[in-house]
Amino acid sequence: MAIATPDVSARARAAARELAPLGRARKDAALESIARRIESATAAICEANEADVAEAVAAGTGPALVDRLTLDAPRVAALAAAVRAVAALGDPVGETVTGWRLPNGLDVQKVRIPLGVLLVVYEARPNVTADVAALAIKSGNACVLRGSSSARRTNGVLIDAVRAGLEDAGLPADAVVDFACSRDELAAFVGDPRSCDVVIPRGGEQLKHFLIEHSRVPVLAAAGGNCHVYLHADADPQAALEIIVNAKTQRPGVCNAAETLLVHRDALALLAPIGVALRDAGVELRADPDAAEALGVPSLPASDEDWATEYLDLVLAIRTV
C-alpha cells in the first residue's frame, strides 16, 4: 500500500503540470485522437467485455447490472461520440465566472483553473472510463481511475486506447492512470492528502460512505436519490402506460430509471392496465394498500424503505398520494 500511492500520484501530478497550461486546440486534438483510438479498438473492447460479462453472469449478477456492464459495437461507437461531444464544448479553463471592483479600485475575479489530479472511483460502468478521461483532459486535469473489478478487462482496454490517443497527440499518457487496487489500498490512497486533489465517487451510497469515511482529500459526492413518475388523474391512459413502462424497463440499471410511481388518488382507476404491462415486463411491484387493490395483479406490501430505495433493477414501488 505504501508503494502504490507515491508512484501513481507522481505520474499523474507530472502529467497534470503539462496539461494545465494547454490551450483548447491541443486538448481537443487529443480528444479526437482518443475517439479514433476507441473506434479502432472496438473489437478488442467488445472481446474483453464479453469475458467480463460472462464472469458476471456466472457469479449470479442480475440482468440490470449486467446491462450496465455490457458494451457492444454501438455502445462503443457512442463512447467515441461522447468524447467528441466533450471536445465540442467550450474550454472552461480561464473562464471568468464573476468579478467585481472593490472601493479601493482593486479588481477581483473568480477564474476557472484546473484542480490538478482527480481520483474517480466507479462501479461496473465501463463507459465512465472514457467519459471521465475526456472531461478531465478537457478541463486540464489528470485523472486516476479506479474502476470495478467486474469490468477490469474492459476498463484495461479502454484505458490503453485513451493513453494511446494522448500519445498520438503528443500529450503525456499519464494524464490518465489506471489504479487497479484492493479496497485496503484504496483506503490508504485517499487517506494520504498528497495522493490527489479531489476524490469523485461514481456509484452507490456504500461507495460514497466508504470514501468519505477514509478520505483526507476533499470528496465530491453527488447526493443520493431516485427517480419518480407521477400519475395525475387527467393523464392520457395510453400515454401514461407507455411512459411508466418505458421509464422502469428500458434500462432499469441506470440512475435515471424510475424507481417509484406516485399515483394521485383520483388516478387509481388507471392503474390496472399499467399493472398488467409491468407484470408482463417482469417488474416486481411493491405497493401501498390502495395501489395494490387498484393494480389488479400480485404485488408485495411496500415498506417505508421502499419509498427511498434506488433499486437499479426490475422493481417498482407504487404509492397513492
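In case you missed it, the structure is sitting above this.
A short tour of the structure in this document, coming up. Within any chain, residue numbers begin from 1 and follow the written order of that chain's sequence. Restriction of local features to residues with pLDDT of at least 70 applies here, the model being predicted, together with a cutoff of 80 or more for giving and counting side-chain atom pairs; totals for whole chains, interfaces and linings are based on all residues. Hydrogens and water are ignored here; the side-chain numbers use all heavy atoms of the structure.

## Re the pattern of salt bridges
Any Lys or Arg side-chain nitrogen located within 4 Å of an Asp or Glu carboxyl oxygen qualifies as a salt bridge. Per the counting criterion, the structure on display carries 25 salt bridges. In this structure, Glu259 engages Lys248 in a salt bridge whose closest nitrogen and oxygen atoms are separated by 2.9 Å. Placement of Glu259 in strand E8 (residues 258–263) and of Lys248 in helix H10 (residues 237–249) is noted, with a sequence separation of eleven residues between them. Comparing Glu259 with Lys248 shows no difference in burial state: the two are buried. Shared partners join several salt bridges into a network, and the residues in it are Asp7, Arg11, Arg163 and Asp174. Helix and strand definitions here come from DSSP, where helices need a minimum of 4 consecutive H or I residues and strands a minimum of 2 consecutive E residues; each element is numbered from the N-terminal end. The buried label goes to any residue with under 20% of its type's maximum accessible area, the exposed label to any with over 50%, and the partly exposed label to all in between, with areas taken from a 1.4 Å probe on protein chains only.

## Regarding the nonpolar core
Core analysis: the largest hydrophobic core is formed by 39 residues, its most contacted members being Leu31, Ile34, Ile38, Val83, Leu145, Leu166 and Val176. Taken together, the elements giving at least two residues each to this core come down to helix H1 (4–19), helix H2 (24–40), helix H3 (42–58), helix H5 (73–87), strand E3 (117–122), helix H6 (127–138), strand E4 (142–146) and helix H7 (152–168). Residue contacts for Ile34: discarding those within four places in its chain leaves Val83, Ile137, Val162, Gly165 and Leu166. For the purposes of this section, nonpolar cores are sets of buried Ala, Val, Leu, Ile, Met, Phe, Trp, Tyr and Cys residues that join through side-chain atoms within 4.5 Å. Judged by nonpolar contacts, the second largest core, of 23 residues, contains Ile244, Val245, Leu270 and Val283. Contacts: residue pairs with any heavy atoms within 4.5 Å of one another.

## Some thoughts on the sheet that holds strand E5 (residues 176–178)
One bridge is not enough; two strands pair if DSSP finds at least two bridges between them. With parallel pairing, four strands are arranged side by side in an open sheet as E5-E4-E3-E6. Single-partner strands in this sheet number two, and they are E5 and strand E6 (198–202). The average undirected angle you get between the axes of adjacent strands in this sheet is 20 degrees. Here five bridges tie E3 to E6, and the two strands are oriented parallel to one another. Bridge pairing in E6 links Leu119 to Val199. The strands touched by H6 within the sheet are E3, E4, E5 and E6, with E4 carrying the most contacts at an inclination of about 165 degrees. Whenever a helix is involved, its axis is fitted only over the stretch in contact; in every case the axis is a line through C-alpha atoms, and angles between N-to-C directions fall within 0 to 180 degrees.

## Quick word on the packing of aromatic side chains
The criterion for an aromatic pair is that two Phe, Tyr or Trp rings (for Trp, the six-membered ring) have centres within 6.5 Å, with stacked assigned to planes under 30 degrees apart, edge-to-face to planes over 60 apart and tilted to the rest. A full pass over the atoms with the stated rule returns one aromatic pair. Measuring from ring centre to ring centre gives 4.7 Å for Phe179 and Phe189, while their planes differ by 45 degrees; the resulting arrangement is tilted. On the criterion of sequence distance, the pair formed by Phe179 in the loop between E5 and helix H8 (183–190) and Phe189 in helix H8 is long-range, its members being ten residues apart. Like Phe179, the residue Phe189 is buried in the burial classification. Its end group placed over the ring of Phe210, Arg183 keeps NZ or CZ at 3.9 Å from the ring centre. Two thresholds decide whether a charge sits over a ring: the Lys NZ or Arg CZ must be within 6 Å of the ring centre and within 35 degrees of the ring normal.

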